[in-house]
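Structural features, examined
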Amino acid sequence: MMRQSVVSSEMLIPALRKPKIWLVECGVIDNKILGGEFKDIFEARQCIKDQSGAGNNWARGHLGYGPQYKDEIEDKVRQAVEKCDSLQGFFFLHSIGGGTGSGLGSYIIKDLADIYPTVFRFSTCVFPSNDDDVVTSPYNSMLSLNVLIENSDCVLPVDNQALFDIVSRVDQQYAQKEEKKKDIFRDTKADHIKDGSSILDISGKGKKVRHYERENSIVAHVVNNLTCSMRFEGDLNVDLNEITMNLVPYPRMHFLLSSLSPLYNVLNPKFQPRNIDETFKEALDKGNQLIQQANPQESLYLACGLIVRGNKVEISDINRNVEKLQKKLKFVHWNKEGFKVGLCNQPPINMNYSLLALSNNTCIRQIFQRLRQKFLKIYKQKVFVHHYTEFMEQSHFDYCLNNCESVINSYEEMEIKNNNLPLGGLGYGEEEADQYRFRPII
Amino acid sequence: MEPKVVQKCLLDSAKSHSNGESLWQYDKKYSYHKQSGSGNNWALGYLYYSQEEYEETHSRIQSLLESLDYFGGFQVFSSLAGGTGSGLGAHIVERLREDFSKSNMMNVAVWPYQSGEVILQNYNVLLTLNSLIQDSDGVIPIYNDEIMFVCRELLKNKRPSYKVMNTVIAQQLLSVMFPFSNSTKDKMSLWSGSNSNILSEIVRQLCIYPQFKLLSLKNIPQCDNKTIEFNTDLWEGMIQRIRQMIITNGNEHKINWSIKAENPSTYSTKFIKSLSHLMVIRGDKVFDLPGSFESDYFGIGSLYTKKYGGSVDNKYAYFRDSHRIHGHEKSIGVLSNNQSHCQILESTLRKATMMFHEKAFLHHYEKFGVNADKFNEMFLTCETTLAEYKGL
Ligand SMILES: Nc1nc2c(ncn2[C@@H]2O[C@H](COP(=O)(O)OP(=O)(O)OP(=O)(O)O)[C@@H](O)[C@H]2O)c(=O)[nH]1
Ligand SMILES: Nc1nc2c(ncn2[C@@H]2O[C@H](COP(=O)(O)OP(=O)(O)OP(=O)(O)O)[C@@H](O)[C@H]2O)c(=O)[nH]1
Ligand SMILES: [Mg+2]
């Protein structure tokens, strides 16, 4: 019933795969995971089960199951927390289109915010794809988003559509390369398994059915890179709290666009990574973003995090590329050098290096805008609303919609403000700088 | 702060000690760590980790001091951009100043890359400087950009690691800080003090005015060990070069000769005026140099600001040491108190002010008790320091 987890493990696929599981594991270095089977990763004791899901109803998850399981969940979290000598944060992996992950998930986020106000809450949440089969997903997503805006410290939204697109692009590329072989899908998969990048056996199932294995493997890599500093040493460690600290300039603008590079290697080891400079360039390409149609290079950056893993990468490689990127990207005028870099010495399995880019970019509002449209489409007709009003006031829908719009607006305003700066005002020209001269506030 | 970071330091130093690369190693007894860093949050380092951490470090420092037979002062190394080295570092310096008010206190502070590594670097740099300017005797900023440049252009290392960069930093510092051992002391009538405590000398010579505490370090040669044997420099050429590096704030790779030291009519805003210098000349036969060698090049009034009067002779101190350092037959290191930091301080201030103007990131600092008042104080101190230096 649940897909949340507070884990730092090499492989997070099962967290997304195995339904009806609530996982808690503390954020400490845990290398034993590397060698073990999945079942060893997650403690059975930390699993909370229920006979049925939330029926794709946010309100049932949030307001029904939430209070019902509150004590049990808090108890298990406390047990896990007590084992930690350095609690880095709570990590949530959930979809926001369904009922449980979205409803109960957001309930827990809120609950933990009350109990552990100084511990950061990270959320990697899956936004529904365009042809999502859950009819009520726009409602659920909107209601969840509201909680994420108010109670999460940092959110990495992931768009299922973008994941599908990337996977099919990789398959295409692969097909071009390996024209001779007929059974493309099986072949890629076989490589996969042999190579250990993805260990899930999905044999005997057709291509049309969505299993999310490869999609989830991308997300797993994101989470994996994000948390690598906790597990391995590096020249420039980046703790989880450093990410929020550096990339979130205003409390409500905490949605980060993520992208991986080299990406093909994640899904298919046959695509060898090119050089490190290429990797940096690719990371900010439109096609690599985990949100559909988001193009950070055309929008405004508030901040950008680059987390590099690799044993042959030096700080000077990063620095050289940061200088290059700086010329290419558009940054908000008060944060022209808005890069945060990290370097971990341990590359992911089967790779020489890997880069995770986290962008706090105004283009992220597109995903909210799309959600808003989908929401309004069904909300205008008030379909399914009665399932929700069983648990909550209808006005809560309007409240959440408002909240979503206010976030969209704040990103928009940021862009407008930046565009309206006097010509050359983006630089540090003497005259413009004068208006920013410090004057003590008395 | 993180156990793995501290342990790696201890381990690396023990490793290079046991395989003969270095003569010393860190003593675990005097190390201290917590479970996590400060997440680049200066406020977290400065205010949140404070009481308990200081007591822990204080007791270690105390026991270390008791084991020494001679104590010259504190030399604190930290970066300016992060949260622990800068925030907690500033806090510790502040407290050490209270507890050991008579000891010398010198800070070596690593300035982040200008292209940006930590987004809050400008806030963190200024907050730290604000503290250090008040509590330390002198601060020697080291610029990662400059060190990188030295590695690339002079050492021909296109992809230097932190380790390589740290070696360069250590060598630069040693060019001045390395203890003098005057085997020919009788010849050293120039040698003023009886104890060879370089920190005291630095404080006495360079840190006279409370509003001027930023020191800058230049040394030559910076070349690679391999090219040492081909080094046919004359002392005269070298001292001229380093003087030019100082007045133009340049480095050895590309020296700008268009500004003339002796000729005040070429004074431009680019000319770096100094309050004072401290010079150490090391190498073979240094005592054969004429007695007026240093004064010929540094005893020139146009190098110094006129603002505080005084005789030119008091504005530079120099020491000779007949030992080679890093295998160099001849080498010169100069520590100066001068205008060289103005440019970077000004641009850092400007960037931080812009960010402050938009109130960006302030909520992270407020969470740990550093509010707008502290920022105002910080801007005031740093703007004042900048203005004082520019006014020289
Ligand atoms: N990327 C990815 N998306 C998934 C996965 N499983 C489900 N989804 C998406 O999640 C949404 C459906 O929500 P679920 O997470 O299945 O719902 P739930 O949390 O189990 O809630 P209930 O079934 O209502 O109890 C849809 O948008 C799916 O596309 C997965 O393994 N990976
Ligand atoms: N020259 C040099 N600079 C370094 C080194 N390590 C870190 N830096 C610089 O230090 C800054 C980052 O600060 P850190 O010292 O890592 O931060 P910290 O003191 O550990 O603080 P937190 O991690 O925030 O708790 C950046 O500007 C880095 O370039 C090093 O070994 N040599
Ligand atoms: Mg650190």
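Please refer to the structure higher up on the page.
No experiment lies behind these values; they were computed from the predicted model shown.

Regular strands place their side chains on alternate faces of the sheet. All names here are of chain B. With respect to burial, strand β2 (residues 105-111) is a largely interior element, six of its seven residues being buried. Inspection of the sheet shows strand β1 (residues 74-79) paired to β2 by six bridges, in the parallel sense. Across the sheet, the residue bridging to Phe74 is Met105, located in β2. Crossover connection from β1 via helix α4 (residues 84-99) to parallel β2: handedness right-handed.

The next subject is the sheet that holds strand β5 (residues 274-283) of chain B. Residues and elements named next belong to chain B. Pairing is mixed across the open sheet formed by four strands, whose spatial order is β4-β7-β5-β6. Across the chains shown, the open sheet's two edge strands, defined by having one partner strand only, are β4 (215-220) and β6 (316-321). Sheet twist, expressed as the mean angle between neighbouring strand axes with direction ignored, is 15 degrees. Where β5 meets β6, six bridges bridge the pair, whose relative direction is parallel. From the neighbouring strand, Arg282 faces β6, where its bridge partner is Asp321.

A packed helix pair is summarised by two numbers, namely the angle formed by the two axes and the spacing between the axes. Residue and element names in this part refer to chain A. Axis separation between helix α13 (residues 276-283) and helix α14 (residues 315-328) bottoms out at 10 Å; the angle between their running directions is 35 degrees. α13 and α14 meet at a crossing whose hand is right-handed. On the side of α13, the interface is formed by Ile276, Asp277, Phe280 and Lys281, while α14 contributes Ile318, Arg320, Asn321, Lys324, Leu325 and Lys328. For the contact of α13 with α14, a count of residues per class yields four nonpolar, one polar and five charged.

Another aspect to go through is the pairing of strand β8 (residues 339-344) of chain A. All names here are of chain A. Judged by how many residues are buried, β8 sits mostly within the fold: six of six residues are covered. What you see with β8 is no split at all: Phe339, Val341 and Leu343 on one side and Lys340, Gly342 and Cys344 on the other are buried throughout. Two strands pair when backbone bridges link them, and strand β7 (residues 301-310) and β8 are joined in this way by six bridges, in the parallel orientation. Each bridged residue has a counterpart across the sheet, and for Ile307 the counterpart in β8 is Gly342. With α14 bridging β7 and the parallel β8, this β-α-β connection has right-handed handedness.

For helix α6 (residues 144-154) of chain B, the full list of buried residues reads Asn144, Ile147, Met148, Val150, Cys151 and Leu154 of chain B. The secondary structure elements touched by the buried residues of α6 of chain B are α14 of chain A together with β2, β3 (138-143) and α7 (162-177) of chain B.

Interface extent is often summarised as the accessible area lost during association of the parts. Counting residues at the interface gives 55 residues for chain A, matched by 46 residues for chain B. Buried surface at the junction of chain A and chain B, summed over both partners, amounts to about 4,500 Å²; 55% is from carbon and sulfur atoms. The tally of links from chain A across to chain B stands at three salt bridges. Between Glu337 of chain A and Lys351 of chain B there is a salt bridge, with the nearest N and O atoms lying 3.5 Å from each other. On the surface where chain A and chain B come into contact, there are 15 residue pairs in polar contact (both at pLDDT 80 or more). Classifying every residue of the side of chain A that touches chain B by side-chain character gives 24 nonpolar, 16 polar and 15 charged.

What follows deals with the site of ligand 2. In the vicinity of ligand 2, 18 residues are found, and the nearest of them are Ser38, Asn40, Thr84, Glu117 and Asn166 of chain B. Lying at an intersection of chains, ligand 2 is approached by residues of chains A and B. Within the side chain of Ser79 of chain B, an N or O atom sits 2.6 Å from an oxygen atom of ligand 2. Within the complex, the protein chains bury 83% of what would otherwise be the 640 Å² of accessible surface of ligand 2. Elements represented by at least two residues in the shell around ligand 2 include exactly α4 and α7 of chain B. The leading source of residues in the shell around ligand 2 is α7 of chain B, at three residues. Within the shell around ligand 2, the residues separate by chemical class into five nonpolar, 11 polar and two charged.

All names here are of chain B. In the structure shown here, the tally under the stated rule is 10 cavities of 30 Å³ or more. Of the voids in this model, the largest cavity is the one considered here, and its volume is about 180 Å³. Along its surface, the largest cavity is lined by 18 residues, and Tyr143, Glu146, Gln172, Leu217 and Lys218 are the ones closest to its centre. Considering every element that reaches the lining of the largest cavity, the biggest residue donor is β4, with four residues. Partitioned by chemical class, the residues of the lining of the largest cavity number seven nonpolar, nine polar and two charged.

Once that is clear, we can look at the side chain of Lys315 of chain B. All names here are of chain B. Looking at the secondary structure, you find Lys315 in the loop between α10 (293-298) and β6. Buried and unpaired, Lys315 has Asp313 as its nearest opposite-charge partner, separated by 11 Å. Within the local environment of Lys315, its side chain forms a polar contact with the backbone oxygen of Gly309, the two atoms lying 2.8 Å apart. Contact partners of Lys315, with chain neighbours within four places excluded, come to Gln205, Leu275, Ser276, His277, Tyr304, Thr305, Gly309 and Gly310.

Residue and element names in this part refer to chain A. Strand order in the open sheet formed by three strands is β3-β4-β5, and the pairing between neighbours is parallel. Looking at the sheet topology across the chains shown, the edges are occupied by β3 (90-95) and β5 (154-159). Averaged over all pairs of adjacent strands, the angle between strand axes in this sheet comes to 15 degrees, irrespective of strand direction. Here β3 runs beside strand β4 (residues 121-127); their pairing, made up of six bridges, is parallel. The residue of β4 that forms the bridge with Ser95 is Val126. Its contacts with the sheet put helix α7 (residues 160-177) on β4 and β5, and the angle it makes with β5 is roughly 55 degrees. Here helix α9 (residues 213-226) sits on the sheet and contacts β3, β4 and β5; the angle it forms with β3, its principal contact strand, is near 170 degrees.

For the structure shown, the criterion picks out 30 salt bridges over all chains. Among the ionic pairs, Arg372 of chain A bridges to Glu405 of chain A, the shortest N-O distance being 2.5 Å. Note that Arg372 of chain A is positioned in helix α15 (residues 365-379) and Glu405 of chain A in helix α17 (residues 395-419), a separation of 33 residues in sequence. A salt bridge links Arg324 of chain B to Asp284 of chain B; the nearest nitrogen and oxygen atoms lie 2.8 Å apart. Here Asp284 of chain B lies in the loop between β5 and α10 and Arg324 of chain B lies in the loop between β6 and β7 (330-338), a separation of 40 residues in the sequence. What makes Arg324 of chain B partly exposed here is its relative accessible area of 45%.

Attention shifts here to the packing of aromatic side chains. If you walk through the whole model with that rule in mind, you get 34 aromatic pairs over all chains. Ring plane angle 35 degrees and centroid distance 4.5 Å describe the contact between Tyr209 of chain B and Tyr308 of chain B, whose orientation is recorded as tilted. In this pair, Tyr209 of chain B sits in the loop between α8 (198-206) and β4 while Tyr308 of chain B sits in the loop between α10 and β6, placing the two residues 99 residues apart along the sequence. Owing to a relative accessible area of 28%, Tyr308 of chain B belongs among the partly exposed residues under this scheme. A centroid spacing of 5.3 Å and a plane angle of 85 degrees characterise the contact between Tyr365 of chain B and Phe375 of chain B, whose relative ring orientation is edge-to-face. A residue pair is termed long-range when its members are at least 10 positions apart, and Tyr365 of chain B in helix α12 (residues 362-366) and Phe375 of chain B in helix α13 (residues 372-390) qualify at 10 residues. An identical accessibility class is assigned to Tyr365 of chain B and Phe375 of chain B; each is buried. Three or more aromatic residues joined by ring pairs make a cluster, and in this case those are Tyr139, Phe375, Tyr379, Tyr388 and Phe397 of chain A.

To continue, consider a nonpolar patch on the surface. Residue and element names in this part refer to chain B. A cluster of nonpolar side chains, Leu23, Trp24 and Tyr26, forms an exposed patch at the surface whose accessible area comes to about 420 Å². Secondary-structure assignment places Trp24 in the loop between α1 (3-18) and α2 (42-48). By relative accessible area, which is 48% here, Trp24 ends up partly exposed.

What counts and what doesn't
- Residues numbered from 1 in each chain as written.
- Chains lettered and ligands numbered in written order.
- Predicted model: local features only at pLDDT ≥ 70, side-chain atom pairs only at ≥ 80, totals over all residues.
- Heavy atoms only, no water.
- Buried < 20%, exposed > 50% of the residue type's maximum accessible area, 1.4 Å probe, protein only.
- Helix = DSSP H or I, 4+ residues; strand = E, 2+ residues; numbered from the N terminus.
- Pairing = 2+ DSSP bridges.
- Right-handed = clockwise from strand over helix to strand, strands pointing away.
- Axes fitted to C-alpha atoms, helices over the stretch in contact; angles between N-to-C directions.
- Left-handed = near helix turned anticlockwise from the far one by under 90°.
- Contact = heavy atoms within 4.5 Å.
- Nonpolar A, V, L, I, M, F, W, Y, C, P; charged D, E, K, R; others polar.
- Buried area = accessible area lost by both parts, 1.4 Å probe.
- Salt bridge = Lys/Arg side-chain N within 4 Å of Asp/Glu carboxyl O.
- Polar contact = N/O pair within 3.5 Å; in protein donor to acceptor, adjacent residues only side chain to side chain.
- Near = heavy atom within 4 Å.
- Areas by Shrake-Rupley, 256 points an atom, 1.4 Å probe, with all protein chains shown as cover.
- 1 Å grid on protein atoms, 1.4 Å probe; cavity = no way out; pocket = protein on both sides within 12 Å on 5 of 7 lines; lining within 4 Å.
- Points joined across faces, edges and corners; volume = space filled by probe spheres on them.
- Lys, Arg positive; Asp, Glu negative; His and termini not counted.
- Phe/Tyr/Trp six-rings, centres within 6.5 Å; stacked < 30°, edge-to-face > 60°.
- Patch = residues over 30% accessible without salt bridge, like charges linked within 9 Å, V, L, I, M, F, W, Y side chains within 5 Å.

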